[in-house]
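Analysis of the macromolecular model
Chain by chain, the residues run as shown.
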Amino acid sequence: MSIELLEEHRLFGGWQQRYRHHSSSLNCTMTFSLYLPPPRDDAPPPVLYWLSGLTCNDENFTQKAGAQRVAAELGLVLVMPDTSPRGDGVADDPGYDLGQGAGFYLNATQAPWSAHYRMYDYLNDELPALVRQQVSVSDRQSICGHSMGGHGALMLALRNPQRYCSVSAFAPIVNPSQVPWGRKAFTAYLGSDESQWLAYDSCHLLTSTPATALPMLVDQGDSDQFLPDQLQPSKLAELADQHGWSLTLRTQPGYDHSYFFIASFIEDHLRFHAAHLFA
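An account of the accompanying structure is given in this report. (Residues numbered from 1 in each chain as written. Predicted model: local features only at pLDDT ≥ 70, side-chain atom pairs only at ≥ 80, totals over all residues. Heavy atoms only, no water.)

A look at the overall build of the protein
- Scanning the protein from N- to C-terminus turns up nine helices and nine strands.
- For 279 residues, the compact-globule estimate of 2.2 N^0.38 gives 19 Å, and the protein sits close to it at 17 Å.
- For the protein, the spread of C-alpha atoms along the three principal axes comes to 50 × 45 × 35 Å.
- For the protein, buried positions account for 57% of its 279 residues.
- Counting contacts in the protein only where the partners sit at least 6 residues apart, residues at least 24 apart contribute 72% of the total.
- Carbon and sulfur atoms make up 48% of the accessible area of the protein, which totals about 11000 Å².
- When the 17 basic and 29 acidic side-chain charges of the protein are each reduced to a single mean position, those positions are 3 Å apart. (Helix = DSSP H or I, 4+ residues; strand = E, 2+ residues; numbered from the N terminus. Rg over C-alpha atoms; globule rule 2.2 N^0.38 Å. Buried < 20%, exposed > 50% of the residue type's maximum accessible area, 1.4 Å probe, protein only. Contact = heavy atoms within 4.5 Å. Areas by Shrake-Rupley, 256 points an atom, 1.4 Å probe, with all protein chains shown as cover. Lys, Arg positive; Asp, Glu negative; His and termini not counted. Charge placed at Lys NZ, Arg CZ, Asp CG, Glu CD.)

Comments concerning the packing of aromatic side chains
- Enumeration according to the criterion identifies 14 aromatic pairs in this entry.
- For the pair Phe 186 and Trp 197, a centre-to-centre distance of 5.8 Å together with 70° between the ring planes defines the contact as edge-to-face. Of this pair, Phe 186 sits in helix H5 (residues 180-190) while Trp 197 sits in the loop between H5 and helix H6 (202-208), and the two are 11 residues apart along the sequence. As far as the burial class goes, Phe 186 and Trp 197 line up, both buried.
- Among the aromatic residues, those joined into a cluster by ring pairs are Trp 50, Phe 61, Phe 170, Tyr 255, Phe 261 and Phe 265.
- The ring of Phe 278 is capped by Arg 40, whose NZ or CZ atom sits 5.2 Å from the centre of that ring. (Phe/Tyr/Trp six-rings, centres within 6.5 Å; stacked < 30°, edge-to-face > 60°. Lys NZ or Arg CZ within 6 Å of the ring centre and 35° of its normal.)

Topic: the sheet that holds strand S8 (residues 216-221)
- Reading across the sheet, the nine strands line up as S1-S2-S3-S5-S4-S6-S7-S8-S9 and stay open at both edges, with mixed pairing between neighbours. Of all the strands in the sheet, just strand S1 (3-11) and strand S9 (247-252) have a single pairing partner and so form its edges. Adjacent strand axes in the sheet meet at a mean angle of 15°, parallel and antiparallel pairs treated alike.
- Direction of pairing for strand S3 (residues 28-36) relative to strand S5 (residues 77-81): antiparallel, over a ladder of four bridges. In the sheet register, Ser 33 faces S5, and the bridge partner there is Met 80.
- Along the sheet, helix H4 (residues 148-159) contacts strand S4 (47-51), strand S6 (141-146), strand S7 (167-170) and S8; its crossing angle with S6, the most-contacted strand, is approximately 150°.
- Strands in contact with helix H8 (residues 233-243) are S8 and S9; relative to S9, the strand with the most contacts, it is inclined by about 150°. (Pairing = 2+ DSSP bridges. Axes fitted to C-alpha atoms, helices over the stretch in contact; angles between N-to-C directions.)

Focus: the pattern of salt bridges
- Scanning the entire structure with this criterion turns up 13 salt bridges.
- Linking Arg 183 and Glu 194 is a salt bridge whose minimum nitrogen-to-oxygen distance equals 2.8 Å. In this pair, Arg 183 is assigned in helix H5 and Glu 194 in the loop between H5 and H6, connecting sequence segments 11 residues apart.
- Here Glu 194 falls in the partly exposed class, since its relative accessible area comes to 35%.
- Note that Arg 250 and Asp 268 form a salt bridge whose closest N and O atoms lie 2.9 Å from each other. With a gap of 18 residues between them, Arg 250 in strand S9 and Asp 268 in helix H9 (residues 259-277) connect regions that are remote in the sequence.
- Look at the salt bridges and you will find they share partners, linking Arg 69, Glu 73, Glu 267 and Arg 271 into a network. (Salt bridge = Lys/Arg side-chain N within 4 Å of Asp/Glu carboxyl O.)

Comments concerning the packing of helix H3 (residues 119-134) against H4
- Look at H3 against H4: their axes get within 12 Å of each other, and the N-to-C directions meet at 60°. Regarding the angle of H3 to H4, the classification is oblique. For H3 against H4, the interelement crossing comes out right-handed. Of the residues in H4, those touching H3 at Tyr 120, Leu 123 and Asn 124 are Met 155, Leu 156 and Arg 159.
- When its residues are assigned to classes, the contact of H3 with H4 shows four nonpolar, one polar and one charged. (Parallel < 35°, antiparallel > 145°, perpendicular 65-115°, else oblique. Left-handed = near helix turned anticlockwise from the far one by under 90°. Nonpolar A, V, L, I, M, F, W, Y, C, P; charged D, E, K, R; others polar.)

And the structure:
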């Protein structure tokens, strides 16, 4: 796979990089960001994937979360993909919650979206292979994300528990088939047959995945304006308790939906993942 290094910066003894490549899954040119920690020994480091939320790209987390300092200390590679396919020939919508910047990490089946919107395949197969081609990493990986990206992280981990050591999320959309953001996106991308939506709904997946339960951490601010109508992480916590999944839900007083919230608790999430990646 051909790949182009767009920029590189020394950071906490490691390297912050940004790449561009043609994606066969998405049929367009994509960018992703990558943080390489300073080497600790000869062992290839594990990988933590970060999935961002609506309207974001691969640079939001890179520039706002302040994660690299702790990743450097722990020896974690950070991979930050974009949130959707991009380009003039890629279908879009005037709304912030559909189209470019709002891929919802699924494989679209409806025109015009199906021509490019195959973020599930991109994240599950193509991007990990590209990362392994570009840098030396171990086969141990975990995943986390925010809002729409929290949905993506939980969904990918629940569908592929054998691939991940742990999963975490900030203010995730846990039950997208039942909330306005998810229903709008799923109707457009997947059609009106709601049974086709369940493969991308974490609440459904958690109750139907016959696999060893993954360690899960969710942080939610109680001043998040989207909490009552769009997020509702307590639903996932209740189901996890009923089905024996190890999920820790932390409600953080006074925090909202912004990157100030993420920056406040990202160290906890990195240490949570490191405990399982290096176990």
